[in-house]
Amino acid sequence: MIMGIPQAALRSSTLVRLLLFLWLGVHAASASFAATSLLHKAAPEFVRTDLNHRRLDLRAYRGKVVLLNFWATWCAPCQLEMPRFVAWQNQYGPHGLQIIGVSMDDDSAAASSLVKKLKLNYPVVMGNEKLGQLYGGVMGLPITFLIDSQGKVQAQYQGETDLNSIEEQFKPLLRP
Amino acid sequence: MKTRLTWLSGTIVAVLVFVLLSPYPRVQAQFGGIGAPPGSALTIPQAQLLMPEALQKLLITASAEKPLILQVGSHMMYAEGHIPGSEYVGQGSQPAGLQQLQNRVNSLPRKKSIVLYCGCCPWNRCPNLGPAFAKLHDMGFTNVKVLYLADNFGTDWANKGYPVEQGR
């Protein structure tokens with residue numbers, strides 16, 4: 001018995017199976033979109049100036065595991081992630097992790113202000129539509145790319161993601 | 001009798017499965033919810049909801065009257081990709097954005113069909129749509145719909161194969 005319903009009823013209900021099949025099909029299809037574009041491909045290279053006026057060349061981070069995080073000040077879920085990124089940079093930085101933020105704000109003053117408020121300990125550059133398009137179209141935040149030490153995208157996380165699962169994915173890529 | 005009971009139970013299970021697993025209860029639960037924070041997209045009445053499929057159908061139906069489609073989120077993200085024909089009118093969460101919105105619609109008849117959308121981040125986190133909708137409501141617009149993008153513009157519009165245009 002499940003919830004008081006005879007097993008025979010469940011077994012006989014082809015409609016249940018049909019609906020489940022349709023639902024799973026629809027949801028599997030919608031979940032697969034964002035994850036396909038850059039996966040296992042070389043992370044698109046870019047050079048920009050960070051908010052501290054230093055040149056940031058993604059290629060210079062070869063040999064490190066990079067979490068490239070697109071965010072914005074108006075994005076509440078983005079701000080939930082950032083304190084954890086600060087902690088990771090402290091904890092795993094010595095093992096080869098480098099977090100890089102890309103603010104998709106229209107205004108750099110707002111981004112700078114939040115960077116100071118949250119005491120971000122990793123570089124942040126201002127993004128633009130070209131950089132967003134380079135990364136497959138950043139049409140929703142947050143979005144984070146896990147780039148391995150060879151410069152390949154190993155994972156892409158869109159929306160509110162379980163941060164523990166991200167941590168479990170990048171840890172094996174780090175130096176002991 | 002047993003067969004009939006089995007059929008009835010199966011149908012009840014099927015309906016329950018469909019209702020519980022379909023995305024619509026999630027939408028319903030998010031709209032007009034009691035205790036929705038002021039300014040949040042959750043304050044927008046459910047009746048004003050427009051699903052992406054419905055808007056897409058409207059856009060491709062030659063005989064249909066086309067609404068004025070306004071993006072009230074990030075300009076950078078609008079430049080990356082937006083609904084063809086839509087206009088950027090500033091962030092609904094900012095006073096300057098609301099002023100821009102007001103300037104754009106001020107001269108329009110209050111029965112004008114308007115669709116607002118954002119898609120910057122998950123619906124229940126969007127800071128822009130609630131204030132933009134409230135602004136139009138306060139101005140007396142009576143035919144305003146808000147495009148329901150559950151996760152974001154990429155997932156719920158672009159990745160569904162609906163048309164996207166780039167540029168500012």
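Above this text sits the structure in question.
What you see as residue numbers is a count from 1 along each chain, following the sequence as written. Throughout, the order in which chains and ligands are written sets their labels, letters from A for the former and numbers from 1 for the latter. Local features are withheld for residues below a pLDDT of 70 in this predicted model, meaning they are given only at 70 or higher, and side-chain atom pairs are given and counted only at 80 or more; totals for whole chains, interfaces and linings count all residues. Side-chain calculation: all heavy atoms of the structure are included, whereas hydrogens and water are not.

Any details on the overall build of chain B? Residues and values, ideally.
A helix here means a DSSP run of H or I that spans at least four residues, while a strand means a run of E at least two residues long, and both kinds are numbered starting from the N terminus. Helix and strand counts for chain B come out as seven helices and five strands. Reading chain B from its N terminus to its C terminus gives the helix and strand order α-α-β-α-β-α-β-α-β-α-β-α. When accessible area is computed with a 1.4 Å probe and restricted to protein chains, residues below 20% of their type maximum are described as buried, those above 50% as exposed, and intermediate ones as partly exposed. Buried residues in chain B amount to 49% of all 168 residues. Using a 1.4 Å probe, accessible areas were evaluated by the Shrake-Rupley method; residue-level cover was limited to the displayed protein chains. Surface summary for chain B: the accessible area is close to 8,100 Å², and the carbon and sulfur share equals 59%.

Help me get a handle on the sheet that holds strand 4 (residues 114-117) of chain B, residues and values and all.
All names here are of chain B. Only strands joined by at least two bridges in the DSSP assignment are considered to pair. One open sheet holds the five strands; their spatial order is 1-5-4-2-3, and the pairing between them is parallel. Unpaired on one side and paired on the other, strand 1 (49-50) and strand 3 (87-88) mark the two borders of the sheet. Where strand 1 lies against strand 5 (residues 144-147), two bridges are found, and the strand directions are parallel. Each bridged residue has a counterpart across the sheet, and for Leu-49 the counterpart in strand 5 is Val-146. Residue contacts follow a heavy-atom distance rule, with two residues in contact if any of their heavy atoms lie within 4.5 Å. Fitted lines through C-alpha atoms give the axes, limited to the stretch in contact for helices. The angle between two N-to-C directions lies from 0 to 180 degrees. Helix 5 (residues 95-105) contacts strand 2 (68-71), strand 3 and strand 4 of the sheet and is inclined by roughly 165 degrees relative to strand 2.

Report on empty space enclosed by the protein, specifying residues and quantitative values.
Here a cavity denotes grid points, spaced 1 Å and computed from the protein atoms alone, that fit a 1.4 Å probe unable to get out, and a pocket denotes an open set having protein on both sides within 12 Å along at least 5 of 7 lines; residues with an atom within 4 Å of a point are the lining. Grid points are joined across faces, edges and corners, and a volume is the space filled by probe spheres set on the points. Scanning the model with the defined rule gives two cavities of 30 Å³ or more in all. Space inside the largest cavity adds up to approximately 80 Å³. What lines the largest cavity is simply A:Ala43, A:Glu45, A:Leu58, A:Arg59, A:Tyr61, A:Arg62, A:Lys64, A:Val66, A:Ile147, A:Asp148 and A:Gly151. Amino acids outside the nonpolar list (Ala, Val, Leu, Ile, Met, Phe, Trp, Tyr, Cys, Pro) and the charged list (Asp, Glu, Lys, Arg) are all regarded as polar, and Gly is one of them. Tallied by class, residues from the lining of the largest cavity come to five nonpolar, one polar and five charged. Approximately 60 Å³ is the volume attributed to the second largest cavity. Lining the second largest cavity are A:Met139, B:Gln71, B:Gly73, B:Ser74, B:Met77, B:Gly81, B:Cys118, B:Gly119, B:Cys120 and B:Phe153. Considering only residue class, the lining of the second largest cavity consists of five nonpolar, five polar and no charged.

Tell me about helix 6 (residues 163-170) of chain A, and please be specific about residues and values.
Residues and elements named next belong to chain A. Looking only at helix 6, the buried set comprises Leu-163, Ile-166, Glu-167 and Phe-170. Looking down the long axis of helix 6, one finds its buried residues gathered within 100 degrees of arc, a one-sided arrangement. Tucked inside the fold, the buried residues of helix 6 contact strand 3 (65-71), helix 3 (76-92), strand 4 (97-103), strand 6 (143-147) and strand 7 (153-158). Two N or O atoms form a polar contact when they lie within 3.5 Å of each other; inside protein one atom must be a possible hydrogen donor and the other a possible acceptor, and for residues adjacent in sequence the pair counts only when both atoms belong to side chains. Two or three places before Asn-164, at the start of helix 6, stands the capping residue Asp-162, its side-chain oxygen 3.1 Å from that residue's backbone nitrogen. Throughout, the arc means that of the directions going from the helix axis to the C-beta atoms.

Pulling in residues and values, what's your account of the packing of aromatic side chains?
All names here are of chain A. Between 30 and 60 degrees the pair is tilted, below 30 it is stacked and above 60 it is edge-to-face, where a pair is any two Phe, Tyr or Trp rings, Trp via its six-membered ring, whose centres lie within 6.5 Å. Tallied over the full model, the rule gives 12 aromatic pairs over all chains. For the ring pair Phe-70 and Tyr-135, a centre distance of 5.7 Å and an interplane angle of 55 degrees mean the geometry is tilted. Of this pair, Phe-70 sits in strand 3 while Tyr-135 sits in the loop between helix 5 (129-134) and strand 6, and the two are 65 residues apart along the sequence. Here Phe-70 falls in the buried class, since its relative accessible area comes to 0%. Arranged with centres 5.0 Å apart and planes meeting at 75 degrees, the rings of Trp-88 and Phe-170 form a pair that is edge-to-face.

Account for the side chain of A:Thr144, naming residues and giving values.
Residue and element names in this part refer to chain A. For Thr-144, the location among the structural elements is in strand 6. Looking at Thr-144, the relative accessible area reads 2%, which means it is buried. Among the polar contacts made by the side chain of Thr-144, one reaches the side chain of Asn-69 at a distance of 2.9 Å. Residues in contact with Thr-144, not counting those within four places in the same chain, are Leu-67, Leu-68, Asn-69, Glu-81, Phe-85, Ala-155, Gln-156 and Tyr-157.

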